[in-house]
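# Descriptive analysis of the structure
Residues per chain, in single letters:
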Amino acid sequence: SFDDVGRFTIAAGRAMEREGQRRFKPHGLTVSDVAPLLRLAQFGPLTPNELLNSSVLLTSAPVVSHSLNRLESAGLVRRVPNGEDGRSVRIEITDEGRRFELELAAQVRDIQDSFFSPLSVDEQTVLAGLLSRCLGQYLGIPADDQALL
């Protein structure tokens, strides 16, 4: 039924988040910390605002700021002066952060592979397409700008 779609979607997200928290906690990180690190590895140095706007997974400026503080304390990112705007900084991933990001990305893939293993590759593709279409429409993100999801 329609109610099941929402319930199962929320439950699936929470189950994967719990597994991520379990895996990342030994490193002193949360699931909220992983998204900025993965985005910086993908897009290169960004201002905190650019980072916040790079993904719907990054929920608020205070959450991103707190995550960046933890990542910086761990030596995974650093703040550098923004050459384009002297009033702001850019966040860049360190060499240690890049090495660690590869490990985190592999763990994220492992969580997803484990969770979605009952589905065939074709079923996973269909599910991803359906969810991205719903989420994109709900958030007002055009289909050609789905990298934000």
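Counting from 1, residues in each chain are numbered in the order their sequence is written. Predicted model: local features are reported for residues with pLDDT of at least 70 only, side-chain atom pairs are reported and counted for 80 or more only, and whole-chain, interface and lining totals are derived from all residues. Remark: hydrogens and water are excluded; side-chain values derive from all non-hydrogen atoms of the structure.

### Looking at the overall build of the chain
Spelled out, the test is: A helix here means a DSSP run of H or I that spans at least four residues, while a strand means a run of E at least two residues long, and both kinds are numbered starting from the N terminus. Accessibility here uses a 1.4 Å probe with only protein chains present; expressed as a share of the type maximum, an area under 20% marks a residue as buried, one over 50% as exposed, and anything in between as partly exposed. Whether two residues touch is decided by their heavy atoms; if any such pair falls within 4.5 Å, the residues are in contact. Computed by Shrake-Rupley with a 1.4 Å probe, the accessible areas treat only the displayed protein chains as cover when residues are assessed.
Secondary structure summary: the chain contains 6 helices and 2 strands in total. In the chain, the succession of helices and strands from N to C terminus is α-α-α-α-β-β-α-α. Dimensions along the principal axes, computed over C-alpha positions, put the chain at roughly 55 × 35 × 25 Å. Residues counted as buried form 29% of the 149 residues belonging to the chain. At a minimum sequence separation of 6, the contacts of the chain that also span at least 24 residues come to 49%. If you sum the accessible surface of the chain, you get close to 9,500 Å²; carbon and sulfur atoms cover 57% of it.

### Details of helix 5 (residues 95-116)
Just so we agree on the cut-off: Any helix carries an expected span of 1.5 Å times its number of residues minus one.
With 22 residues, helix 5 extends 32 Å between its outermost C-alpha atoms, agreeing within 8% with the 32 Å of an ideal straight helix rising 1.5 Å per residue. Taken residue by residue, helix 5 has Gly97, Phe100, Glu101, Leu104, Ala105, Gln107 and Ile111 as its buried positions.

### Some words on the packing of helix 2 (residues 31-43) against helix 4 (residues 61-73)
As a reminder, the rule being used: Lines fitted to the C-alpha atoms define the axes, with helices restricted to the stretch that makes contact. Angles between their N-to-C directions range from 0 to 180 degrees. Angles below 35 degrees are treated as roughly parallel, those above 145 as roughly antiparallel, those between 65 and 115 as roughly perpendicular, and all remaining angles as oblique. Just so you know the grouping, Ala, Val, Leu, Ile, Met, Phe, Trp, Tyr, Cys and Pro go in nonpolar, Asp, Glu, Lys and Arg go in charged, and all remaining residues, Gly too, go in polar.
In contact at an axis separation of 9 Å, helix 2 and helix 4 are set at 80 degrees when each is read in the N-to-C sense. As judged from the angle between their axes, helix 2 and helix 4 are roughly perpendicular. In contact with Ser32, Asp33, Pro36 and Leu37 of helix 2, helix 4 contributes Val63, Ser67, Leu68, Arg70 and Leu71. In terms of residue class, the contact of helix 2 with helix 4 is made up of 5 nonpolar, 2 polar and 2 charged.

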